[in-house]
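So you can see what is in the structure, the chains are spelled out below.
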Amino acid sequence: MSRERTIRVNCGQTSQVLYVVGTTLSLNLCRSAPPKSKSFKVQCTPNVRFSISPAPAQGSSSSPLPLSSNTLLFIVMKEASMVESDSKLSVTFYGDGTEVLGKAVLHLTAIEVSLDVDADRDGLVEKNNPLKGSWTWGPNGHGAILLVNCDSEQSYNKTPDSERSYISAVSDLKDMSLMVLRTKGPAKLPPGYKLTLHISQGDAEKVRVFRAAPGDALSHFIGKVFFNDFVKHYPLVLDEKVLSQEVPYQAEMNLYVEGLRFPDKNFDGLVKIHLSLLEPVSEDFPETPIFSDNVVFRVAPWIMTPNTLKPIEVFICSTKDNFPFLKGITDLVKKNNYKLKVCYEYKNRGDRWMQDELEFGYIDSPHQQFPVVLDSPRDGSLKDFPYDELLGKDFGYVTRVPEDEVVNSLDSFGNLEVSPPVTVNGKKYPLGRIIIGVAFPTASHGRNMTKVVQDFLWAQKVQEPVALFSDWLHVGHVDEFMTFVPAPGPKGFRLLLASPDAGYKLFKGLQNDGHGKAKMFEGLGKKEEMSVNEILDDERLKSENDYVQNCIDWNRDMLKKELGLDEDDIIDLPILFKLMEDNRAVAFYPDMVNMIVLGKELGIPKPFGPKIKGRCALEAEMTALMEPLGLNCSYIDNFASYHKLLGEVHCGSNVRRQPFELKWWNLEM
């Protein structure tokens, strides 16, 4: 539907009117007519079309038409003018008979103006898409996409690009969304007319706009370029300090839109940018808008990657006491030709918990995609690693720091996982669902992940979170009792759950087969060793594990409900726990569920179970459960350097994975 603009004319005068192609000028003829006018006649040049409401009765087109109190004249023009005032329209007013009471003349100049974006999401900015001013989800949806410019083009004095109010490198433009201002018409606007870009105060905190100076082209900067050249050729147009600014009237101007904030609690991710054409009234009064255009962007969400996606790079720490772990991971990674990044002790300062410090994800748009690390608020000695070592060109960084909340163990990102894609009661989650651990709902003094982090995760929207009960654990992380592994079948994965019941079943089977004297922790020292009989005779340990099983069963039911799982989708792993002084649980022996998943290769904590015919019974059981899924098990010794410190293989490692092939904007929300 054409946009309508009301104009006024004065009889006996010539009015200069600037018309924007695609709009309709509306003129109330009765208000413009001289007193005692009874009829009128309209004449115009070929580029002008008009219609009258109410529609006149059939008659001679050359005869005057009756004038009433609500007679409206609608004017449109087919195309832009070549020169100013190249089209005309006149209205002659008549009294009784053929008596001419007055004549109003319009000199019309037509221009085309559009603010354009990639509204159809094909990577190209199309001209004047009628849907550019709104945003919808789905494969048939529309609306432009904006990335948070959270990587850093500068290797020195490193800062996320979104924290700088200037463009420091041409490569930075690729992280921004192109917006094009297009005009067509005379070489310049009539005197006093202006084009302005503007944003609201609220959106100004989330978006920044630069424009290209005349002659913008990436090839312009091939060769040596100085910092001031970039600032000069890509001046800032809009930010939180400049909400409105005049922009040049030229045939085509490239504008670069930079996202500054991810969706969050009070930000749904949508931002709007406006273009207005202003008309002068007089020197004593401000200009008034006569035309406006606007576009809508949605800021791309931060997306986590599940274990079922292909690994790219593995991250671990090297400490003075973790050589067996380091060697095990290194061998596993090299075997599969993945990249390996080792954070050495001068950097980690003894903090070995790579999983707890950060979580890998990515952001995506039709024109650009890059990984983004989410930095945990835990801030151990690894706190500088995500910023110092990962932030860089095409590698983004984001964090959430609570202001009024106390950070606790549940804010470490062993407590942040994501499921593979699932369908729940017919509702599809093709990017999976984020999983976090919190306190049981009735707990009055339980620990929870800080609200600022939870709000961030919920606001991304495309991986709707599931909250599990993890406060029963001493460390409190969901990765202590669950993980996902790729597997054949319709769902493409299995959920692995720690199961004390499965553990006791295994140990009772060993006892029944005459292996009651077989020792756990053999070779780790006499103080560590414990026979199968001793384990089964420990009534306190059994009671503790009954409690733990109840806690895991609660989460089992929650996962089945929220992920649409059946019992066949779950595999129970034989793992026992023990309670600490705070009545919260830790793994009794290395927690095999706390593994690293690299395609079909699993790096599993070596459990040091009782040996039967020279083979660890726990390893044999684990291997028997995984091999039918086409998975290979490697057992990594992390007993002294991780398990004794209340963590395991997964806690001490991290994996960057390939993004989903599915584009998030195609989700049906």
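Each remark here, short or long, concerns the structure printed above.
A short tour of the structure in this document, coming up. (Residues numbered from 1 in each chain as written. Predicted model: local features only at pLDDT ≥ 70, side-chain atom pairs only at ≥ 80, totals over all residues. Heavy atoms only, no water.)

1. Description of the sheet that holds strand S19 (residues 303–304)
No. 1: Strand order in the open sheet made by the four strands is S19-S22-S23-S24, with mixed pairing throughout. Unpaired on one side and paired on the other, S19 and strand S24 (396–399) mark the two borders of the sheet.
No. 2: The pairing of strand S22 (residues 358–364) with strand S23 (residues 369–375) spans seven bridges and is classified as antiparallel. Bridged to Tyr362 within S23 is Pro371. (Pairing = 2+ DSSP bridges. Helix = DSSP H or I, 4+ residues; strand = E, 2+ residues; numbered from the N terminus.)

2. A closer look at the packing of helix H9 (residues 500–512) against helix H11 (residues 539–563)
No. 1: At a minimum axis separation of 8 Å, H9 and H11 run at an interaxial angle of 140°. Judged on the interaxial angle alone, H11 and H9 are oblique. Seen from H9, the contacting residues are Pro500, Asp501 and Tyr504; seen from H11, they are Leu541, Lys542, Asn545, Val548, Gln549 and Ile552.
No. 2: Partitioned by chemical class, the residues of the contact of H9 with H11 number five nonpolar, two polar and two charged. (Axes fitted to C-alpha atoms, helices over the stretch in contact; angles between N-to-C directions. Parallel < 35°, antiparallel > 145°, perpendicular 65-115°, else oblique. Contact = heavy atoms within 4.5 Å. Nonpolar A, V, L, I, M, F, W, Y, C, P; charged D, E, K, R; others polar.)

3. Focus on the sheet that holds strand S18 (residues 288–299)
No. 1: Spatial ordering of the open sheet is given by S10-S18-S17-S12-S15, a layout of five strands whose pairing is mixed. In the strand order of this sheet, the two ends are held by strand S10 (144–146) and strand S15 (244–247), each with one partner. This sheet shows a mean twist of 35° between the axes of neighbouring strands, independent of strand direction.
No. 2: Here S10 pairs with S18 via three bridges, running parallel. In the sheet register, Ile145 faces S18, and the bridge partner there is Arg298.

4. Quick notes on unusual backbone geometry
No. 1: Note that the residue after Ser53, namely Pro54, is joined by a cis bond; omega there is -5°.
No. 2: Locating Pro54 in the fold gives a position in the loop between strand S5 (48–53) and strand S6 (65–66).
No. 3: The phi torsion at Lys36 lies on the positive side, around 70°, for a residue other than glycine.
No. 4: Checked against the element boundaries, Lys36 lands in the loop between helix H1 (29–32) and strand S4 (39–44).
No. 5: Despite not being glycine, Asn337 shows a phi value in the positive range, around 60°.
No. 6: One can find Asn337 in the loop between helix H4 (323–335) and strand S21 (339–343).

5. Digging into the packing of aromatic side chains
No. 1: Scanning all chains against the criterion turns up 23 aromatic pairs.
No. 2: Note on Trp137 and Trp664: the rings are 5.6 Å apart at their centroids and 70° apart in plane angle, and the pair reads as edge-to-face. Of this pair, Trp137 sits in the loop between strand S9 (100–116) and S10 while Trp664 sits in the segment after strand S42 (653–657), placing them 527 residues apart in sequence. There is no split in this pair, since Trp137 and Trp664 are both buried.
No. 3: Aromatic side chains Phe325 and Tyr642 sit 4.3 Å apart centroid to centroid with 40° between the ring planes, which places their arrangement in the tilted category. Of the two residues, Phe325 is situated in helix H4 and Tyr642 in the loop between strand S41 (632–636) and S42; the sequence distance between them amounts to 317 residues. (Phe/Tyr/Trp six-rings, centres within 6.5 Å; stacked < 30°, edge-to-face > 60°. Buried < 20%, exposed > 50% of the residue type's maximum accessible area, 1.4 Å probe, protein only.)

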